[in-house]
Amino acid sequence: MSSTLHLIRSKIKGFFPQPRPPQFIMLWVPGYEAIPMSIAGYDDGNKTLDIIVKPIGPTTRYLAAIRKDAYLGIYGPLGKPLVPSGKRFLLLAGGSGIAPIAHYITALRCGEENYCKVVFGAWTKEEIGNVDEYIKSIGAEVTTVCDEGCDYRGTVVDVYRGEDKEEYDAIISSGPLAMSREVYKHTPKGKIDRLYIVFETHVKCGLGLCGSCVIPGTSLLLCVDGPAFPAKQIEKVMK
Ligand SMILES: Cc1cc2nc3c(=O)[nH]c(=O)nc-3n(C[C@H](O)[C@H](O)[C@H](O)COP(=O)(O)OP(=O)(O)OC[C@H]3O[C@@H](n4cnc5c(N)ncnc54)[C@H](O)[C@@H]3O)c2cc1C
Ligand code: FES
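Below or above, wherever it landed, is the structure these notes cover.

To continue, consider the nonpolar core. Formed by 32 residues in total, the largest nonpolar core has its most connected members in Leu92, Leu195, Phe199, Ile215 and Ile234. Of all the secondary-structure elements, those providing two or more residues to this core are strand E2 (24–28), strand E7 (88–94), helix H5 (156–162), helix H6 (177–185), strand E12 (195–198), helix H7 (222–225) and helix H8 (235–238). Sorting elements by how many residues they give to this core places H5 first, with 4 residues. A domain split of this core shows at least three residues from each of domain 1 (6–78) and domain 2 (88–238). Contacts of Leu92, omitting those with residues within four sequence positions, involve Ile101, Val119, Val156, Tyr160, Ile171, Ile172, Ser173, Ser174, Met179 and Val183.

In structure tokens, the structure reads:
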């Protein structure tokens, strides 16, 4: 997809329940670790599951270069589905935060019954790659943001500040915490109850057992209560 984002489409063997965004899986990579990965897409007919990987350490680097015939272990879908109602959606994505947003595009029936605009940002044009073409192909409009050569020069938040938030029934932010905090800050008070944040913490068990994924300042566990939350529910972390 780009210099830092790799789409991996796996054939599922065995039973896998229909996932809803922003659910994730624990992916067991033989010889490496079990790591959390957002579900970027799922085709029940062909039994294929998409993930989008950004290599940052040993397991994700291995995945980014994985052989076509390799086997992976999957358990899931994990987490709580959170799909807002409405007809018009603004979806904000930074880096690998695009993975759950891709799943939202299909679940929200963007380009069919509903209108969705994606603002996708990365540091460079190379990191954007052809992700914009992919987003368009699954039904959403897209504005790309990077340092040079994209639709907009700057950050996702710069574009968000210029958007008329009243035009949208719901806004979803999926990216680094600093980005979502800025999104929260620039959301009018009357719209906060329609803002949803896809969060990331360290997930180990994925089952609500180890406590490693607690959302700071709350008693919420990302792996069972999230990974998306209404902004109002996690206001303490957003401020
Ligand atoms: C619910 C959820 C969904 C995710 N979805 C995706 C996805 O769709 N695509 C994707 O590329 N990545 C996703 N991630 C992040 C991914 O799980 C980590 O990048 C991966 O575990 C890193 O493993 P590694 O062995 O390659 O690197 P490691 O050696 O484990 O980590 C490399 C560095 O990154 C830090 N790090 C690892 N995981 C995280 C994290 N979750 N948050 C902050 N810092 C971290 C480590 O502390 C270390 O400094 C998701 C994480 C969560 C919790
Ligand atoms: S990862 Fe263990 S409780 Fe959430």
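Now that the structure has been shown, the text picks up again.
Here the focus is the site of ligand 1. Lining the immediate environment of ligand 1, one finds 21 residues, of which Pro36, Ile52, Lys54, Thr59 and Thr60 sit closest. Interatomic distance of 3.0 Å between a backbone N/O atom of Ser38 and a nitrogen atom of ligand 1. In this structure, a nitrogen atom belonging to ligand 1 sits 3.2 Å away from a side-chain N or O atom of Glu200. Relative to its unbound accessible area of 890 Å², ligand 1 is 73% covered by the protein chains. Contributing elements (two or more residues each) for the shell around ligand 1: strand E3 (34–38), strand E5 (48–53) and helix H1 (58–64). Broken down by element, the shell around ligand 1 gets its largest block of residues, 4 residues, from E3. A per-class count over the shell around ligand 1 returns 11 nonpolar, 7 polar and 3 charged. There are two domains that each give the shell around ligand 1 at least three residues, and those are domain 1 (6–78) and domain 2 (88–238).

Next up on the list: H6. Taken together, the buried positions of H6 are occupied by Met179, Ser180, Val183 and Tyr184. Seen from one end, H6 has its buried residues packed into an arc of 140°, which puts them on one side. Opposite the buried face of H6, by more than 90 degrees, sit the exposed residues Ala178 and Lys185. On its buried face, H6 is in contact with E7, H5, strand E11 (170–174), E12 and H8.

Glancing now at the pattern of salt bridges. What the rule picks out here adds up to 11 salt bridges. Two residues, Arg161 and Asp158, come together in a salt bridge whose shortest N-O distance is 4.0 Å. Taken together, the residues Arg161 and Asp158, both in helix H5 and 3 residues apart, mark about one turn of the helix. We classify Asp158 as partly exposed; its relative accessible area is 29%. Between Lys191 and Glu166 there is a salt bridge whose closest N-O contact spans 4.0 Å.

A full pass over the atoms with the stated rule returns 2 aromatic pairs. Ring plane angle 50° and centroid distance 5.4 Å describe the contact between Phe16 and Tyr42, whose orientation is recorded as tilted. Highlighted residues: Phe16 in the loop between strand E1 (6–11) and E2 and Tyr42 in strand E4 (residues 41–43), separated in sequence by 26 residues. Both rings, one in Tyr32 and one in Tyr62, keep their centres 4.7 Å apart while their planes meet at 25°; by these two values the pair is stacked. Of this pair, Tyr32 sits in the loop between E2 and E3 while Tyr62 sits in helix H1, and the two are 30 residues apart along the sequence. Owing to a relative accessible area of 39%, Tyr32 belongs among the partly exposed residues under this scheme. A residue is classified by how much of its surface remains accessible, and Tyr62, at 30% relative accessible area, is partly exposed. When the ring centre of Tyr168 is taken as reference, the NZ or CZ atom of Arg88 above it lies at 5.8 Å.

Conventions adopted
Residues numbered from 1 in each chain as written. Chains lettered and ligands numbered in written order. Predicted model: local features only at pLDDT ≥ 70, side-chain atom pairs only at ≥ 80, totals over all residues. Heavy atoms only, no water. Core = buried A, V, L, I, M, F, W, Y, C linked by side-chain atoms within 4.5 Å. Buried < 20%, exposed > 50% of the residue type's maximum accessible area, 1.4 Å probe, protein only. Helix = DSSP H or I, 4+ residues; strand = E, 2+ residues; numbered from the N terminus. Domains from an automatic or database assignment. Contact = heavy atoms within 4.5 Å. Near = heavy atom within 4 Å. Polar contact = N/O pair within 3.5 Å; in protein donor to acceptor, adjacent residues only side chain to side chain. Areas by Shrake-Rupley, 256 points an atom, 1.4 Å probe, with all protein chains shown as cover. Nonpolar A, V, L, I, M, F, W, Y, C, P; charged D, E, K, R; others polar. Arc of directions from axis to C-beta. Salt bridge = Lys/Arg side-chain N within 4 Å of Asp/Glu carboxyl O. Phe/Tyr/Trp six-rings, centres within 6.5 Å; stacked < 30°, edge-to-face > 60°. Lys NZ or Arg CZ within 6 Å of the ring centre and 35° of its normal.

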